[in-house]
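The primary structure of each chain is shown beneath.
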Amino acid sequence: MKPDSTKARVGIVCALLAAATLATFWPVRTHDFVNFDDPDYVSANPMVQAGLTLDSVRWAFTQSHSSNWHPVTWLSHMLDCQLLGLNAGAHHLVNVVFHVVNTVLVFLLFLRLTGERWRSAWVAGLFALHPLHVESVAWISERKDVLSAFFGLLTLIAYARYVGESRVRSAKSKVFYLLALICFSLGLMSKPMLVTWPCVMLLLDFWPLNRFPGEPRSRGRSIAWLLLEKVPFAALTIASSVVTVIVQRGSGATVPLDALPLSSRLTQMPASYLRYLGKTFWPENLAAFYPYTAAEWDSELTLVGLAVLAAVSAWGLRQLRRRPFLAVGWFWFIGTLVPVIGLVQVGRQSIADRYTYLPHIGLFVLLVWLAAEMFDRF
């Protein structure tokens, strides 16, 4: 196939994904601010409404308003207020634009990683239109979700370019490595949900980048080298985690261990994973807030959750060489949910739809690649 023809087809897929996503979320232009977090973030926040001034920028980097330290998110809201005023519909549409761009970035990321155009398009389509992602897009206060995802996806694309350039020993590899670090830093300063990204990079090293020892095109990279390569990203992760814990504890957002023991948190984890999976495949009774309900070790949700986690993890590991996408997609899903799965309990919610925004990518990769394999076989 001619390169121009390939580029044209990729462009058509990007345009179709963007159009479908924009059409789906277009009604938010008529929506207003809500009274859940929006006053703190925009509608009743004088520092944000002041726009990008020296005082407001200093405030964004030095204050922990709303139990978070995410200066890039604050700057984004300030820029909106400076350009759009308090037009809620316009603020909503900025979120939608980020989601449209993120959808295209998901497609381009997996197209670059795997070369599979239609499989990558299906992953991006599921990411774009899944009902659990409505909260991240159609809620002005969740700008931090779409913004951190934007920088997180750019991080992975830059990382993939770094790997490609390093294989041919190009000097450009250092540029893309630095670009990945910069995007990762901006993503963490948008929302610390990206703290698991160094682990995601290791998963991609295994498949589809095939960089582990013994893999084709690995060029002799050792596990030690792959880990050393992630040290700067891990350092940023640790710094972001420490800042987040200090800020949330200082504001009283975290639940202390004497109020919610570690055993209760561990019991809740498999039940929460099961609920996320259930709502992924059958998204009904969705809500902005799911009250925390304690789970017991002998409860049905916990036992079934443990069984599902063990069974799918064992299946993925068993198929590691034959179907590496199973383990990579599954561990992307359960791994990126770790920061919000309840080990550090923040607030009174048990789960939240918005927490699936990035973890779903791994699950969709697993499902799409498995479905494509079954379709090819039968």
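If you're wondering where the values come from, they're calculated on a predicted model, not measured in any experiment.

1. Some remarks on the environment of Leu326
Among the secondary structure elements, Leu326 is positioned in helix H16 (residues 324-336). A sequence separation of 12 residues divides Leu326 from Ala314, and the C-alpha atoms of the two residues are 10 Å apart. Once residues within four sequence positions are removed from consideration, Leu326 is found in contact with Trp315, Gly316, Gln319, Leu366 and Leu370.

2. Overview of the pattern of salt bridges
As enumerated under the stated definition, the model contains 16 salt bridges in all. Linking Lys144 and Glu142 is a salt bridge whose minimum nitrogen-to-oxygen distance equals 3.1 Å. Take Lys144: its relative accessible area is 7%, and that puts it in the buried class. Looking at Glu142, the relative accessible area reads 1%, which means it is buried. The network of salt bridges with common partners includes Glu135, Glu142, Lys144, Asp145, Lys191 and Arg354.

3. Structural notes on helix H6 (residues 88-114)
End to end, H6 covers 39 Å across 27 residues, agreeing with the expected 39 Å (1.5 Å per residue, within 8%). Extensive coverage of H6 is indicated by the burial of 21 of its 27 residues. Measuring from the backbone nitrogen of Gly89 back to the side-chain oxygen at the start of H6 gives 3.2 Å, which picks out Asn87 as the cap. Within two residues after H6, Gly115 carries a phi angle of roughly 75°, on the positive side.

4. Some details on the layout of surface pockets
Estimates place the volume of the largest pocket at around 1100 Å³. Forming the boundary of the largest pocket are 38 residues, of which Asn68, Gln248, Val346, Gln349 and Tyr355 lie nearest the centre. Top contributing element to the lining of the largest pocket by residue count: helix H13 (residues 231-250), with 4 residues. Looking at the lining of the largest pocket, its residues break down into 19 nonpolar, 12 polar and 7 charged.

5. Section: the packing of aromatic side chains
Across all of its chains, the model carries 16 aromatic pairs by this definition. Aromatic pair Tyr159 and Tyr162: ring centres 5.9 Å apart, planes at 40°, arrangement tilted. In this pair, Tyr159 and Tyr162 are both assigned in helix H9 (residues 143-167), 3 residues apart and thus about one turn of the helix distant. When sorted by exposure, Tyr159 lands in the same class as Tyr162, which is buried. Ring centres 5.8 Å apart and planes at 75° place the aromatic pair Trp197 and Trp332 in the edge-to-face group. In this pair, Trp197 sits in helix H11 (residues 197-206) while Trp332 sits in helix H16, placing the two residues 135 residues apart along the sequence. Neither residue differs from the other here; Trp197 and Trp332 are each classed as buried.

Criteria and thresholds
- Residues numbered from 1 in each chain as written.
- Predicted model: local features only at pLDDT ≥ 70, side-chain atom pairs only at ≥ 80, totals over all residues.
- Heavy atoms only, no water.
- Helix = DSSP H or I, 4+ residues; strand = E, 2+ residues; numbered from the N terminus.
- Contact = heavy atoms within 4.5 Å.
- Salt bridge = Lys/Arg side-chain N within 4 Å of Asp/Glu carboxyl O.
- Buried < 20%, exposed > 50% of the residue type's maximum accessible area, 1.4 Å probe, protein only.
- Expected span 1.5 Å × (residues − 1).
- Polar contact = N/O pair within 3.5 Å; in protein donor to acceptor, adjacent residues only side chain to side chain.
- 1 Å grid on protein atoms, 1.4 Å probe; cavity = no way out; pocket = protein on both sides within 12 Å on 5 of 7 lines; lining within 4 Å.
- Points joined across faces, edges and corners; volume = space filled by probe spheres on them.
- Nonpolar A, V, L, I, M, F, W, Y, C, P; charged D, E, K, R; others polar.
- Phe/Tyr/Trp six-rings, centres within 6.5 Å; stacked < 30°, edge-to-face > 60°.

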